[in-house]
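Next come the chains, spelled out residue by residue.
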Amino acid sequence: MKARIYLPGIALLISCGGQSLKAQLTETTPMAVLVPGAPPPARFGRPWTMGQHVRTNLTKPATTHYDDTLRLSLSQVVAMAKEQSIAARQAVTLKENKYWLWRTYQSNYKPQLVLDGRLPAYSKTYQEILQPNGTISFQPVKNNNSSLNLSLEQSIAQTGGTIFGTTLLQRFDDFDRKTTLYNGVPYAVGYTQPLFMFNNLKWDKRIEPLKYNESRQEYIESMEQIAIRASGYFFDLLLAQVNLQIAETNFNNTTNILRIANEKFELGRVSRNEILQLQLELLKSKKSVASAKREMEIAVLNLRAYVGLKGEEKVALNLPEGAIAIEVSADKVLTEAYANRSDAIAFRRKITEAKRDVAKARGDNSLNARLTARLGFSNSSLNLPGVYKSPNNQQLFQLEFDIPILDWGRSRSRMKTAQANQKFVEYAVEQDQQVFRQEIFTQVTLFDMMQEQVSLTEQADSIASEKYQIARERYVLGKLSITDLSIAFQEKDQAKRDYVFALRDLWGAYYQLRYLSLYDFEKNEKIIYQ
């Protein structure tokens, strides 16, 4: 017997027979969730037979509408979460942030054209003036000392040096004496080279590309994590639907059995104790219905909030496939994981950063020197054209150095600290690699086990449903005790829940494999998001 039952905010097609959960969900219109407070529809969907039931195509995440019902499969819920959820938008924003950090890094190796100056630089004050007799006289000063400097610089990553070209123009106006002077450097070129110092550009060129590639893979991983969470919310709602279906079915069955038992009681064929037991079961079933309704509303809100579902249409969930036709081997997953995962890139980055810190400690604690060479022309004049007329040679060659002579072991301590940190990072990375490999082998084994577990729980669901049907019929005929009927009752309910749990574990393991490898085993290609 089947009954169409409408509850406040919830519409379900309840099967009162002894069918298994999979048979119920594939032979009838799937369960649907209405928007809380919405009136029940005059016609809910359309009945499906086993032959009409169409399995969801996991490669085509498109929604289907029947009347005002939005039918969603697991793959469709996952696709919607990746496209419109807040978590997806956050992942995209973080990806853009990492991209612009990468562009900032790249700009460090491009020529830099800079214009700096002081314009105007007016000053009216008193300044101390040293007199010929050695005394100080404070004289009023009113002048303008403006300047403009245009420079072009190019850093050289291999050496850490900088080659530059510059041009300078300076104007000095003495308003007290009403004179104007010009000074300028028509052009000059030079080179600055640090000696025995830490080369930050060289190490950035090794580390920053790893960081950027790591961030790109982290974006893909974040999208796969969204799939894992979306599938969790999907099965939360699916389990809530199943629990409500079970609670409603049990309430109807208990009501019918109690009616039959009352008739037997009038005939003296059952005891008062059995009647009281059935009445107690009926009260329990009412409580279960109320609890299931509450869990259903919570599951609906959680799914809508995470996936980003808007609108007032009802939502119907399709039961996912009980088998995933893919071939997975631990070696294949491990190979793809090392090629695709951000963790694999992070292993190299962490070791490289530790080596950089050692090089920095060595460079900062030894002889620090800077060599600067500059050639050009300069001139001064009473007028602007005179600055560029027959300028004089300008030459600069200097060596700056800094040698620590006595630091009480500070340099050596910094060096030893960096070296100890490098060893610690190497050991930590080695441990992380072991966990990385072990997690993959465990997940592949778990996935294979879940495939088999779904098949077993499906059979158990079918057997438990048939056993309950027989037990109910035997009780009606007076050939079974109320205790045995209650046991069959509980086994049937648990078998249905176990099947949903097995499906949840299977698909959770599948999406976890995708996350661990960033590889699509159905299409046999790497997972890429634009």
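Residues numbered from 1 in each chain as written. Predicted model: local features only at pLDDT ≥ 70, side-chain atom pairs only at ≥ 80, totals over all residues. Heavy atoms only, no water.

### What to know about the overall build of the chain
Alright, step 1. Broken down by element type, the chain carries 10 helices and 15 strands.
Alright, step 2. For the chain, the residues scored as buried account for 44% of the 530 residues in total.
Alright, step 3. Counted over contacts in the chain with a minimum sequence separation of 6, partners at least 24 positions apart contribute 74%.
Alright, step 4. Split by element, the accessible area of the chain, about 29400 Å² in all, is 55% carbon and sulfur. (Helix = DSSP H or I, 4+ residues; strand = E, 2+ residues; numbered from the N terminus. Buried < 20%, exposed > 50% of the residue type's maximum accessible area, 1.4 Å probe, protein only. Contact = heavy atoms within 4.5 Å. Areas by Shrake-Rupley, 256 points an atom, 1.4 Å probe, with all protein chains shown as cover.)

### Things to note about empty space enclosed by the protein
Alright, step 1. A full pass over the atoms with the stated rule returns 4 cavities of 30 Å³ or more.
Alright, step 2. When residues of the lining of the largest cavity are traced back to their parent elements, those giving at least two are helix 4 (200-266), helix 5 (272-307) and helix 10 (482-517).
Alright, step 3. Residue contributions to the lining of the largest cavity peak at 4 residues, all from helix 10.
Alright, step 4. Taken together, the residues that form the lining of the largest cavity break down as 5 nonpolar, 2 polar and 1 charged. (1 Å grid on protein atoms, 1.4 Å probe; cavity = no way out; pocket = protein on both sides within 12 Å on 5 of 7 lines; lining within 4 Å. Points joined across faces, edges and corners; volume = space filled by probe spheres on them. Nonpolar A, V, L, I, M, F, W, Y, C, P; charged D, E, K, R; others polar.)

### Comments concerning the layout of surface pockets
Alright, step 1. Estimates place the volume of the second largest pocket at around 330 Å³.
Alright, step 2. Considering the residues around the second largest pocket, the lining is formed by 17 residues, among which K95, R216, Q217, I220 and Y529 are closest to the centre.
Alright, step 3. Going through the elements one at a time, helix 3 (86-107) and helix 4 are the ones with two or more residues in the lining of the second largest pocket.
Alright, step 4. Broken down by element, the residue count for the lining of the second largest pocket peaks at 6 residues, all from helix 4.
Alright, step 5. When its residues are assigned to classes, the lining of the second largest pocket shows 8 nonpolar, 4 polar and 5 charged.

### As for the pattern of salt bridges
Alright, step 1. Enumeration according to the criterion identifies 21 salt bridges in this entry.
Alright, step 2. The partner of D432 in a salt bridge is K350, with the nearest N and O atoms 4.0 Å apart. Placement of D432 in helix 9 (residues 410-476) and of K350 in helix 7 (residues 342-365) is noted, with a sequence separation of 82 residues between them.
Alright, step 3. The closest approach of N and O atoms between E491 and K467, which form a salt bridge, is 2.7 Å. (Salt bridge = Lys/Arg side-chain N within 4 Å of Asp/Glu carboxyl O.)

### Notes on the environment of Q158
Alright, step 1. As for its placement among the helices and strands, Q158 is situated in the loop between strand 8 (136-155) and strand 9 (162-174).
Alright, step 2. Here Q158 falls in the exposed class, since its relative accessible area comes to 60%.
Alright, step 3. In contact with Q158, other than residues within four places in its own chain, are N199 and K205.

### Concerning unusual backbone geometry
Alright, step 1. With an omega of -5 degrees, the peptide bond running from L119 to P120 counts as cis.
Alright, step 2. In this structure, P120 sits in the loop between strand 6 (112-118) and strand 7 (122-130).
Alright, step 3. One non-glycine residue, N524, lies in the positive phi region at around 55 degrees.
Alright, step 4. Mapped onto the fold, N524 is located in the loop between strand 14 (519-520) and strand 15 (525-526).

### Observations concerning the side chain of Q193
Alright, step 1. Considering the arrangement of structural elements, one finds Q193 in strand 10 (residues 179-195).
Alright, step 2. Looking at Q193, its side chain comes within polar contact range of the side chain of Y191, at 2.4 Å.
Alright, step 3. Setting aside its immediate chain neighbours within four residues, Q193 contacts T159, G161, A369, R370 and L371. (Polar contact = N/O pair within 3.5 Å; in protein donor to acceptor, adjacent residues only side chain to side chain.)

### Quick word on the confidence of the model for the chain
As a note on interpretation, predicted positions should not be read in detail where pLDDT is low.
Alright, step 1. Averaged over all residues, the pLDDT of the chain is 83; the fraction at 70 or higher stands at 87%.
Alright, step 2. Within the chain, no element has a lower average pLDDT than strand 2 (residues 10-15), which sits at 32, and none a higher one than helix 3, at 95.
Alright, step 3. Confidence drops under a pLDDT of 50 for residues 1-18, and excluding neighbours within four residues, the segment shows 61 contacts in the predicted structure.
Alright, step 4. Every residue in residues 25-66 scores below 50 in pLDDT, and together they form 109 contacts with partners more than four places removed in sequence or on other chains. (pLDDT = per-residue confidence, 0-100.)

### Regarding the nonpolar core
Alright, step 1. Of all hydrophobic cores here, the largest spans 68 residues; its most connected members are L72, F235, L317, V328, I440 and F447.
Alright, step 2. With 16 residues, the single largest contributor to this core is helix 4.
Alright, step 3. Every residue in contact with F235, bar those within four places of it in the chain, is listed here: L74, P320, V500, L503, R504 and W507.
Alright, step 4. In terms of nonpolar packing, the next biggest core, distinct from the first, is built from 15 residues, L258, A471, A488 and F489 among them. (Core = buried A, V, L, I, M, F, W, Y, C linked by side-chain atoms within 4.5 Å.)

### Examining helix 10
Alright, step 1. End to end, helix 10 covers 52 Å across 36 residues, agreeing with the expected 52 Å (1.5 Å per residue, within 8%).
Alright, step 2. One or two positions beyond helix 10, positive phi appears at L518, with a value near 50 degrees. (Expected span 1.5 Å × (residues − 1).)

### Quick word on the environment of F424
Alright, step 1. Its location among the elements puts F424 in helix 9.
Alright, step 2. A sequence separation of 70 residues divides F424 from A354, and the C-alpha atoms of the two residues are 9.2 Å apart.

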